[in-house]
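Residue-level listing of the chains:
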There are 4 protein chains.
Amino acid sequence: MKKKKVILTETPILQNRRTITVRFSEVDSLHVVWHGHYLRYFEDGREAFGNQYGLGYMEVHKNGYVTPVVKSVCEHKSPLRYGDEAIVETEYVSSPAAKLIFKFKIYHKQTEKLVATGETVQVFVDQKGELVLTLPEFYQEWKRKWKQL
Amino acid sequence: MKKKKVILTETPILQNRRTITVRFSEVDSLHVVWHGHYLRYFEDGREAFGNQYGLGYMEVHKNGYVTPVVKSVCEHKSPLRYGDEAIVETEYVSSPAAKLIFKFKIYHKQTEKLVATGETVQVFVDQKGELVLTLPEFYQEWKRKWKQL
Amino acid sequence: MKKKKVILTETPILQNRRTITVRFSEVDSLHVVWHGHYLRYFEDGREAFGNQYGLGYMEVHKNGYVTPVVKSVCEHKSPLRYGDEAIVETEYVSSPAAKLIFKFKIYHKQTEKLVATGETVQVFVDQKGELVLTLPEFYQEWKRKWKQL
Amino acid sequence: MKKKKVILTETPILQNRRTITVRFSEVDSLHVVWHGHYLRYFEDGREAFGNQYGLGYMEVHKNGYVTPVVKSVCEHKSPLRYGDEAIVETEYVSSPAAKLIFKFKIYHKQTEKLVATGETVQVFVDQKGELVLTLPEFYQEWKRKWKQL
């Protein structure tokens, strides 16, 4: 019997993990981080991801695009308090659409407890301010480079 | 023939509409409101709703509860710019669960264009910091009063 | 005896008073407005002043200038709490220099207690990004119109 | 002739230097950090100082006090832009009064250009919410330990 040739084309997981520290001004009168500040933590995560994988605001901008957030979701599992350190885990979600999708998990650094999960969706807007419906060339290259097909 | 008695039990829609004005500090380097600030606009909407229908933070607190946001979703349809006025429309979503659910629509005041939609989910936490799984008595009363059954 | 002619050349006081309401997200874990948010309240005051007297961001921008804040001072006299309403009183301070100076007083609306005082200083920067050392023409006109000489 | 004994009692300078990175959400429509965010940078500096010298919020709180900011001053010398790194230099200012005074200097990390200077003043408030006019015992000890007499 002839052995079947199996080709596994795995898409590598692109992920960044960075630490953030809860600031006094981020904590509300219930002594926990105000829910709205998590969108900043997600942005911190996206920025760290962009710096690690060469997909930061500056790279995108240099290529003639901006990528406004068109959707954000955040679910809170347990609170963060003043002085806590947390890990923001940002994972790229490959999509055939002209969108940048990231998933987030935030963990309490000491306890490793899951604090929050979330997602953001960004679109590409060109220099005329028009929404771009096909993947920009530089972004296709970026996907090829990182095997996100 | 006896006429059939028809009882229509309609749940009234509870809705608040308030105007907000975009501040300079809320606008980012793309000259539009930074996406994270919409969670503040939603909070502005919830507060106005609470004041109108007697379900504000103070009423909830007086009854021994706090209602942290455990989920928030925001979808952006068109931008807001510095100085723009917008209508935040906050609608109560009745649920059998011990949750406070609100849906939001934000419109540009002059153009009436839809700017964003969203949702927040809050839970009830008692004075011991425990999540409450059954509807608090004061909240059941509030629902009866407003026919949200 | 001849009566002496007295000419009183009074500079009218230009002042705006607007109400703000303390948001949940502005209150810190000590249950009072976090000190940094007062610079937003001052900005709210400046914007209301600009709208009232025709010296808003848009007028300044239309004339080819931006007016970044180069100094801000805030002194806190008594706290503001969640839900409090406050009056932001913004007063224009005339100066021979190419500077926009405003003084602020914030009062608790119900108790009329003084909450904070402050000052901001702005400079004029032209479209090349250069600091302007002489009063821009449109600003001189504005000062003449409001007798701020 | 007898030689005079000269005792030089120098007060050591207590200083912390930490790096911050400008976030996208901190940059305004003029493409520079919005002036109000500098009070957060100062707070970042105070927190780092507190951690380094054992005078953090937690130590103060453990001893029964909170230290609200009663005055803040910020002067802007040159702008910070998105992605810039800056050094926040926080220096303790010894005072006989029951006050915590810090001076701040912010430098652009790469160019070493001075970005901003500032000062904050904090007072001690006890658990009854009363302003304390004499130096709390733990703070006197702290001053002795660090030779800030």
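Residues numbered from 1 in each chain as written. Chains lettered and ligands numbered in written order. Predicted model: local features only at pLDDT ≥ 70, side-chain atom pairs only at ≥ 80, totals over all residues. Heavy atoms only, no water.

1. A word on helix α3 (residues 137-145) of chain B
Residues and elements named next belong to chain B.
Turning to step 1, where the next piece is worked out: Among all positions of α3, only F138, Y139, W142 and K143 are buried. Mapping the buried residues of α3 onto a view down its axis gives an arc of 140°, with all of them on the same face.
Turning to step 2, where the next piece is worked out: Considering only its buried residues, α3 is in contact with α1 (38-53), α2 (57-62), β3 (85-93) and β4 (99-108).
Turning to step 3, where the next piece is worked out: K147 sits one or two residues past α3 and shows a positive phi near 55°. (Buried < 20%, exposed > 50% of the residue type's maximum accessible area, 1.4 Å probe, protein only. Helix = DSSP H or I, 4+ residues; strand = E, 2+ residues; numbered from the N terminus. Arc of directions from axis to C-beta. Contact = heavy atoms within 4.5 Å.)

2. Let's talk about the packing of aromatic side chains
Turning to step 1, where the next piece is worked out: Under the counting rule described, the total for this entry stands at 69 aromatic pairs over all chains.
Turning to step 2, where the next piece is worked out: Measuring from ring centre to ring centre gives 5.0 Å for D:F124 and D:Y139, while their planes differ by 45°; the resulting arrangement is tilted. Of this pair, D:F124 sits in the loop between β5 (114-123) and α3 (137-145) while D:Y139 sits in helix α3, and the two are 15 residues apart along the sequence. Here D:F124 matches D:Y139 in class, with each residue buried.
Turning to step 3, where the next piece is worked out: Among the aromatic residues, those joined into a ring-pair cluster are A:F49, A:Y53, A:Y65, A:Y92, A:F102, A:F124, A:F138, A:Y139, A:W142 and A:W146. (Phe/Tyr/Trp six-rings, centres within 6.5 Å; stacked < 30°, edge-to-face > 60°.)

3. With respect to the relation of the copies chain B and chain A
Turning to step 1, where the next piece is worked out: Rotating chain B by 180° about the axis while translating it 0.0 Å along that axis superimposes it on chain A, leaving an RMSD of 0.0 Å. These values place the two chain copies in the arrangement generated by a two-fold rotation axis. Of every C-alpha in chain B, the one belonging to B:V73 sits nearest the axis of rotation, 2.2 Å from it.
Turning to step 2, where the next piece is worked out: Of the interface residues in chain B, 100% have counterparts in chain A that sit at the interface too, so the contact is made through matching surfaces. (Least-squares fit on C-alpha atoms with pLDDT ≥ 70 in both.)

4. Section: the pairing of strand β2 (residues 69-76) of chain A
Turning to step 1, where the next piece is worked out: In terms of strand pairing, β2(A) meets strand β5 (residues 114-123) of chain A through seven bridges, oriented antiparallel. Of the residues in β5(A), the one forming a bridge with A:H76 is A:A116.
Turning to step 2, where the next piece is worked out: Where β2(A) lies against strand β2 (residues 69-76) of chain B, five bridges are found, and the strand directions are antiparallel. The partner of A:E75 across the bridge, within β2(B), is B:K71. (Pairing = 2+ DSSP bridges.)

5. Quick word on the sheet that holds β5(A)
Within a beta sheet, neighbouring strands are joined by backbone hydrogen bonds and run either parallel or antiparallel to one another.
Turning to step 1, where the next piece is worked out: Reading across the sheet, the 10 strands line up as β1(A)-β3(A)-β4(A)-β5(A)-β2(A)-β2(B)-β5(B)-β4(B)-β3(B)-β1(B) and stay open at both edges, with antiparallel pairing between neighbours. Lying at the two open borders of the sheet, with one neighbouring strand each, are β1 (15-21) of chain A together with β1 (15-21) of chain B. Put simply, the sheet's adjacent strands are angled 15° from each other on average, direction ignored.
Turning to step 2, where the next piece is worked out: Judged from the seven bridges that link them, β1(A) and strand β3 (residues 85-93) of chain A form a sheet pairing that is antiparallel. (Axes fitted to C-alpha atoms, helices over the stretch in contact; angles between N-to-C directions.)

6. A short note on the state of the cysteines
Turning to step 1, where the next piece is worked out: On inspection of all chains with the given rule, the structure shows zero disulfides over all chains.
Turning to step 2, where the next piece is worked out: In this structure C:C74 is not part of a disulfide, and its nearest cysteine sulfur, from D:C74, lies 12 Å away. (Disulfide = S-S within 2.5 Å.)

7. Re the relation of the copies chain B and chain C
Turning to step 1, where the next piece is worked out: Superposing chain B onto chain C requires a rotation of 180° together with a translation of 0.0 Å along the rotation axis, leaving an RMSD of 0.0 Å.
Turning to step 2, where the next piece is worked out: Taken together, the interface assignments show that 100% of the residues at the interface of chain B recur at the interface of chain C, consistent with an identical surface on both copies.

8. Details of the side chain of B:K143
Residue and element names in this part refer to chain B.
Turning to step 1, where the next piece is worked out: Mapped onto the fold, K143 is located in helix α3.
Turning to step 2, where the next piece is worked out: Engagement of the side chain of K143 in a polar contact is seen with the backbone oxygen of S95, the distance being 2.8 Å.
Turning to step 3, where the next piece is worked out: Sequence-distant contacts of K143, that is, excluding residues within four places in its chain, are made with Y92, S94, S95, L135, Q148 and L149. (Polar contact = N/O pair within 3.5 Å; in protein donor to acceptor, adjacent residues only side chain to side chain.)

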